[in-house]
There are 2 protein chains.
Amino acid sequence: MAKPTPEAPVLPLDTIMSGDCVAAMNSLPENSVDLIFADPPYNLQLRGDLHRPDNSRVDAVDDHWDQFESLKAYDAFTRGWLKAARRVLKPDGAIWVIGSYHNIYRVGATLQDQGFWILNDVVWRKTNPMPNFRGKRLTNAHETMIWASKSEGSKYTFNYEAMKALNEGVQMRSDWTFPICTGHERLKNARGEKAHPTQKPESLLHRLLIGSTNPGDVVLDPFFGTGTTGAVATMLGRHFIGIEREEEYRQIAAERIARVRSLPPAALEVSTSRRTEPRVPFGQLVERGMLRPGEELQSGNGRHRAKIRADGTLAGENIKGSIHQVGAAYEGAPSCNGWTYWHFKREGKSVSIDILRQQIRDEMIKPD
Amino acid sequence: MAKPTPEAPVLPLDTIMSGDCVAAMNSLPENSVDLIFADPPYNLQLRGDLHRPDNSRVDAVDDHWDQFESLKAYDAFTRGWLKAARRVLKPDGAIWVIGSYHNIYRVGATLQDQGFWILNDVVWRKTNPMPNFRGKRLTNAHETMIWASKSEGSKYTFNYEAMKALNEGVQMRSDWTFPICTGHERLKNARGEKAHPTQKPESLLHRLLIGSTNPGDVVLDPFFGTGTTGAVATMLGRHFIGIEREEEYRQIAAERIARVRSLPPAALEVSTSRRTEPRVPFGQLVERGMLRPGEELQSGNGRHRAKIRADGTLAGENIKGSIHQVGAAYEGAPSCNGWTYWHFKREGKSVSIDILRQQIRDEMIKPD
DNA sequence: TGGTTACTTGAATCTGCTA
DNA sequence: CTAGCAGATTCAAGTAACC
């Protein structure tokens, strides 16, 4: 199943690594994973187990001192794992990090400091958050996820049409509404307690992975916990690499993922954009005799005309050029999609030339 | 009206100061204001022009006040005004800062670095955000507000019951839904253009001030713009101090506030909640695992079948698309309500998928 | 005057390939 | 690297125009 390729020669696909996530990530080849999803801990503050970057222990003495020392330690921790994550990420890869107001501002600033390029931040709205019992603040009803590419110019993956389909045909927004993980989805340990304090819902990962990965991609999760990332990745035909320090979590995650069945490839096909379809030169319509040189095209609004020339360019009144150039010139617009702009006459009716392009594309791609 | 008290002897209440906000704040007595609301420049880094699909040009926020040379320069700016803000804030005062992913992580980290104590972050969900015209990212449908007290132990103001009342009797959550500022509320300058590129809606400030100030409190806004904070504060019987560099904005804000009449709070409650049934995308049933990709649906009349794909679209015999599109195609109808058309099998019985939609709606019956 | 349609607009880090 | 060019891409409201 995990077939090694020249691009990713030694990746431990679909396994859970143990130990510290920085060391584990540094043991992987650089530029090798497509996506990173990270749910880092943020309860390092004000705890007895707080350590400085040099590993000396921090004594909680006075509030102020403790707070700033905690922030410094947390920043060092964040820089450390993000640097290692950045190293293993492919140049066109992306990262998602989830957090709350306790830690997300440290994470976001560090991401930017390290050259990651924020694409969106996404709010997970919880339908059933825990209320604020003391009535001293607002109900903490959301968490924040930052989506960032490795650097500014990266060609990150975004399945726009699939996300639009998931949202009933309108563009997916930056606020996602899901219930927190409860019920039978919430894993229990051998003692009958909840197995992990911050288990994320699979619905969240489903949307995230559909939107920013393709089947066969490799998703790394350096804070694997009980393996939600691995379970959803497996179901959706993506590879995962998990890293988790705690033996008990690794055990529970492994058993969980073993129960997951991958979906058949047909179910994994998603709606694609026209951008991904093969390019058809307009001249091909002329070469194939679908349109004849000398024939006249009309704009969709009926206001403009142009004649087809033998080389697949158009001749308008005072302008000659491609279907796009002539359309743009007529409309006084910075650009124009000539395929949807121009129409021709058949049996008295006006037909978009895009119909002819689609005929050619249908011949090129085998229908399923 | 602005009666001087020993605690606030020389505050220029209900006026708009000119000049740089740091200098202006430093001219005020320390520990003197109850609340600060700040809408600092976001440091958007926009490249070229952006056009809508209809070729119209988007009016970008390219004002000189939003230009910074680098992240470092923006950080220095942020530290500077936050330090001055901290100085004038009463020990039990609080601050709100609004921003987007471009700047909010810098702001949040700096707040924490300076000893502010984050109480909540609040998401402003826009009902009518600008879409992502190129289909390259998610719709940027929210902005983030950070609410922080001056320090960890501060006795900040929070009108829990008032907020609960604003939210139809249930605890106010950390996600607030309001439209962006348009229509009559949007101020115009003498040239008939929008007076300010980033005018905030009064509804947002209304909720914020009801929640974290009391009548008679002093609210400072160091980036006053066209004075939304001042207008709402005045309306709600709070004092304001505005600081604004641009003469034109000060002028427009002063005229605006002069038109405001303080009203009894009871008269001000506007219905901000939308009581229409929330739209549930079919894809959410898949994300939530209520239906599985690959699973088959049948039409209610039993004549047609289609398989569910991972992005919430259906694959029929020769057609792919939404539940509505595939249903319409099978029936040869111009449209089709897929929710009532399609059924799935559970324990041998055929069940309408609309049942699942109702389950999700039942979870979502929240005012926002 | 009323109802329908068309047009406008909003804090935006908004393309990708080939020569 | 830049330049050139094909061609893909939008949602909710408010306002104006029109019948």
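Residue numbering note: each chain is counted from 1, following its sequence as written. Chains carry letters from A onward and ligands carry numbers from 1 onward, assigned in written order. Confidence filtering applies because this is a predicted model: local features only for residues at pLDDT of at least 70, side-chain atom pairs given and counted only at 80 or more, and all residues used for totals across whole chains, interfaces and linings. Water and hydrogen atoms play no part in the side-chain values, which are based on all heavy atoms of the structure.

Chain A has the name Methyltransferase in an unreviewed UniProt entry, where Jannaschia helgolandensis is given as its organism. Regarding chain A, the UniProt comment filed under Sequence similarities (unreviewed entry) reads as follows: "Belongs to the N(4)/N(6)-methyltransferase family." Per UniProt, chain A has the following entry under Catalytic activity (unreviewed entry): "a 2'-deoxyadenosine in DNA + S-adenosyl-L-methionine = an N(6)-methyl-2'-deoxyadenosine in DNA + S-adenosyl-L-homocysteine + H(+)". UniProt positions are given in the numbering used here, feature names are shortened, and annotations may be inferred rather than shown by experiment.

Bringing the UniProt feature "domain: RAMA" (unreviewed entry) in chain A into the picture now. Those residues carrying the UniProt feature "domain: RAMA" (unreviewed entry) are residues 269-363 of chain A in this numbering. A run of H or I in DSSP becomes a helix once it reaches four residues, and a run of E becomes a strand once it reaches two; helices and strands are each numbered from the N terminus. With 29% helix and 22% strand, residues 269-363 of chain A has its two end C-alpha atoms placed 20 Å apart.

Now for the pairing of strand 8 (residues 239-244) of chain B. Remark: a regular strand shows side chains that alternate across the two faces of the sheet. Residue and element names in this part refer to chain B. Think of it in three bands: residues with accessible area under 20% of the maximum for their type are buried, residues over 50% are exposed, and the middle band is partly exposed, with areas taken using a 1.4 Å probe on protein chains only. With six of six residues buried, strand 8 is to be regarded as a mostly interior element. Across the two faces of strand 8 the burial is the same, with His 239, Ile 241 and Ile 243 and Phe 240, Gly 242 and Glu 244 all buried. Bridge count for strand 1 (residues 15-18) against strand 8 is four bridges, and the pairing is parallel. Across the sheet, the residue bridging to Ser 18 is Glu 244, located in strand 8. Convention used here: a crossover is right-handed provided that the path from the first strand, over the helix, to the second strand proceeds clockwise when the strands point away from the viewer. Where the polypeptide runs from strand 7 (residues 218-221) across helix 6 (residues 228-235) and back to strand 8, its parallel neighbour, the crossover connection is right-handed. Note on pairing: DSSP must find at least two bridges between two strands before they are called paired.

As a further point, take the protein's contact with DNA strand C. Residue and element names in this part refer to chain B. One heavy atom within 4 Å of a molecule or strand makes the whole residue count as near it. By nearness alone, 37 residues border DNA strand C, and Arg 52, Tyr 101, Arg 134, Lys 136 and Arg 186 come closest of all. Put simply, 43% of the atoms of DNA strand C that lie within 4 Å of the protein are in sugar or phosphate. Here Gly 48 contributes a backbone N or O atom positioned 3.4 Å from a base nitrogen of DNA strand C. Side-chain atoms alone can form a polar contact between residues adjacent in sequence; in general such a contact is a pair of N or O atoms within 3.5 Å, and within protein one must be able to donate a hydrogen while the other accepts it. Between a base nitrogen of DNA strand C and a main-chain N or O atom of Phe 133, the distance comes to 3.0 Å.

Moving on: the packing of aromatic side chains. For Phe, Tyr and Trp, rings pair up if their centres lie within 6.5 Å, where Trp contributes its six-membered ring, and each pair is then called stacked (planes under 30 degrees apart), edge-to-face (over 60) or tilted (otherwise). Evaluation of the coordinates by the stated rule reveals 27 aromatic pairs over all chains. Aromatic pair A:Tyr105 and B:Tyr105: ring centres 5.7 Å apart, planes at 35°, arrangement tilted. Remark: B:Tyr105 occurs in helix 3 (residues 104-113) and A:Tyr105 occurs in helix 3 (residues 104-113); the pair is interchain, linking two chains. Residue B:Tyr105 is classed as buried on the basis of its relative accessible area, which comes to 1%. Ring plane angle 15° and centroid distance 5.5 Å describe the contact between A:Phe224 and A:Phe240, whose orientation is recorded as stacked. Pair noted here: A:Phe224 is in the loop between strand 7 (218-221) and helix 6 (228-235) and A:Phe240 is in strand 8 (residues 239-244), with a separation of 16 residues, a long-range link. For the pair A:Phe224 and A:Phe240, one class covers both residues: buried. Members of the aromatic cluster, each reached through a chain of ring pairs, are A:Trp96, A:Trp147, A:Tyr156, A:Phe158, A:Tyr160 and A:Trp176.

All names here are of chain A. Residues in contact with DNA strand D amount to 29 residues; listed here are only the nearest, Tyr 160, Lys 164, Ser 273, His 324 and Arg 357. When the atoms of DNA strand D within 4 Å of the protein are grouped by moiety, sugar and phosphate amount to 62% of the total. Contact distances for DNA strand D include 3.5 Å between a phosphate oxygen and a side-chain N or O atom of Arg 274. Listed by contribution, the elements that provide at least two residues to the surface near DNA strand D are helix 4 (160-166) and helix 10 (323-331). The biggest single contributor to the surface near DNA strand D is helix 4, with three residues. Gly is placed with the polar residues, together with every amino acid not listed as nonpolar (Ala, Val, Leu, Ile, Met, Phe, Trp, Tyr, Cys and Pro) or charged (Asp, Glu, Lys and Arg). Each residue belonging to the surface near DNA strand D can be placed in one class, and the counts come to nine nonpolar, 13 polar and seven charged.

This part is about helix 12 (residues 354-364) of chain A. All names here are of chain A. Those residues of helix 12 not exposed but buried are Asp 354, Leu 356, Arg 357, Ile 360 and Arg 361. On an axial view of helix 12, the arc spanned by its buried residues comes to 155°, and they lie on one face. Buried positions along helix 12 lie against helix 9 (283-287), helix 11 (338-341), strand 13 (342-346) and strand 14 (349-352). An arc is given here, and it is the one of the directions from the helix axis to the C-beta atoms. Every residue pair with non-hydrogen atoms within 4.5 Å of one another is taken to be in contact.

Next up on the list: the nonpolar core. Ranked by size, the top nonpolar core spans 66 residues in total, and within it A:Trp81, B:Trp81 and B:Ile95 carry the most contacts. Those residues in contact with A:Trp81 that sit more than four places away from it in its chain are A:Cys21, A:Val22, A:Met25, A:Ala38, A:Pro40, A:Ile95, A:Val97 and A:Phe223. In this text, buried Ala, Val, Leu, Ile, Met, Phe, Trp, Tyr and Cys residues form a nonpolar core when linked through side-chain atoms within 4.5 Å.

This part takes up the sheet that holds strand 14 of chain A. Strands in a sheet are paired, the pairing made by backbone hydrogen bonds, and the direction either parallel or antiparallel. Residues and elements named next belong to chain A. The strand order across the open sheet built from six strands is 12-11-10-9-13-14, with neighbouring strands paired in antiparallel fashion. Both edges of this open sheet fall to strand 12 (320-321) and strand 14, since each of them pairs with a single strand only. Relative to strand 14, strand 13 is paired through four bridges, and the arrangement is antiparallel. Along strand 14, the bridge assignment pairs Phe 344 with Val 351.

In this section: the domain arrangement of chain A. Split by domain assignment, chain A resolves into domain 1 (15-45 + 59-267) and domain 2 (282-365). Taken over C-alpha atoms, the centre of domain 1 of chain A sits 48 Å from the centre of domain 2 of chain A. Just so you know, the domain bounds were taken from an automatic or database domain assignment.

This brings us to the sheet that holds strand 5 (residues 142-149) of chain B. All names here are of chain B. Within the open sheet, the eight strands sit side by side as 1-8-7-2-3-5-4-6. Their pairing is mixed. This sheet does not close on itself; its edge strands, each paired only once, are strand 1 and strand 6 (175-178). Strand after strand, the sheet turns through a mean of 20° between neighbouring axes, direction not considered. Sheet topology places strand 3 (residues 89-99) next to strand 5; six bridges connect them, and they run antiparallel. Note on definitions: angles span 0 to 180 degrees between N-to-C directions of axes, and those axes are lines fitted to C-alpha atoms, for helices only across the stretch in contact.

Here the focus is the side chain of A:Ser32. Relative to the elements of secondary structure, A:Ser32 occurs in the loop between helix 1 (21-26) and strand 2 (33-38). If we ignore the near neighbours within four places in the chain, the residues touching A:Ser32 are A:Leu11, A:Val88, A:Leu89 and A:Lys90.

Time to look at the interface of chain B and chain A. Chain B puts 78 residues into the contact, and the matching count from chain A is 78 residues. By buried area we mean the combined loss of accessible area, with a 1.4 Å probe, across both parts when two parts are placed together. Buried area between chain B and chain A, both sides added, is near 6700 Å², and the carbon and sulfur share of it is 47%. Looking only at chain B, the three residues that lose the most surface to chain A are B:Tyr105, B:Leu138 and B:Glu287, adding up to 13% of its buried area. In what follows, salt bridge is the name for a side-chain nitrogen of Lys or Arg lying within 4 Å of a carboxyl oxygen of Asp or Glu. At the boundary of chain B and chain A, one finds eight salt bridges. Across the salt bridge formed by B:Asp175 and A:Arg125, the nearest N and O atoms sit 2.5 Å from each other. Linking chain B with chain A are 45 residue pairs in polar contact (both at pLDDT 80 or more). At the level of elements, helix 3, strand 4 (117-126), strand 5, helix 4 (160-166), strand 6, helix 9 (283-287) and helix 12 (354-364) of chain B are the ones that each hand at least two residues to the side of chain B that touches chain A. Among the elements that line the side of chain B that touches chain A, the one with the most residues is strand 4 of chain B, at nine residues. Residue classes in the side of chain B that touches chain A are distributed as 32 nonpolar, 24 polar and 22 charged.

For patch building, the residue pool is restricted to those with more than 30% relative accessible area and no salt bridge; the joining distance is 9 Å between like charges and 5 Å between nonpolar side chains (Val, Leu, Ile, Met, Phe, Trp, Tyr). We get accessible surface area from the Shrake-Rupley algorithm with a probe of 1.4 Å; when it comes to residues, only the shown protein chains can shield them. When charges are counted, Lys and Arg are positive and Asp and Glu negative, with His and the chain ends excluded. The location of each charge is read from NZ of Lys, CZ of Arg, CG of Asp or CD of Glu. On the surface, a cluster of positive charge is made up of A:Lys155, A:Arg275, B:Arg134 and B:Lys136. Considering the arrangement of structural elements, one finds A:Arg275 in the loop between helix 8 (265-268) and helix 9. The class for A:Arg275 is exposed, based on a relative accessible area of 55%.

Rolled over the atoms, a probe as big as a water molecule pinpoints where empty space is left. Cavity means a closed set of points on a 1 Å grid over the protein atoms alone, one where a 1.4 Å probe fits but cannot get out, pocket means an open set with protein on both sides within 12 Å along at least 5 of 7 lines, and lining means a residue has an atom within 4 Å of a point. Grid points are joined across faces, edges and corners, and a volume is the space filled by probe spheres set on the points. One pass over the full model with this rule turns up two cavities of 30 Å³ or more. Space inside the largest cavity adds up to approximately 40 Å³. The wall of the largest cavity is formed by A:Ile104, A:Tyr105, A:Asp121, A:His142, A:Thr144, B:Ile104, B:Tyr105, B:Asp121, B:Val123 and B:Thr144. Residue assignment for the lining of the largest cavity shows that the elements contributing at least two residues are helix 3 and strand 5 (142-149) of chain A together with helix 3 and strand 4 of chain B. Residues that form the lining of the largest cavity fall into these classes: five nonpolar, three polar and two charged. Within this model, the second largest cavity holds a volume of roughly 40 Å³. In terms of lining residues, the second largest cavity is bounded by A:Trp96, A:Trp147, A:Phe158, A:Met163, A:Trp176, A:Leu208, A:Gly211, A:Ser212 and B:Leu138. Per-element accounting of the lining of the second largest cavity gives the leading share, three residues, to helix 5 (residues 202-212) of chain A. Looking at the lining of the second largest cavity residue by residue, the class counts come to seven nonpolar, two polar and no charged.

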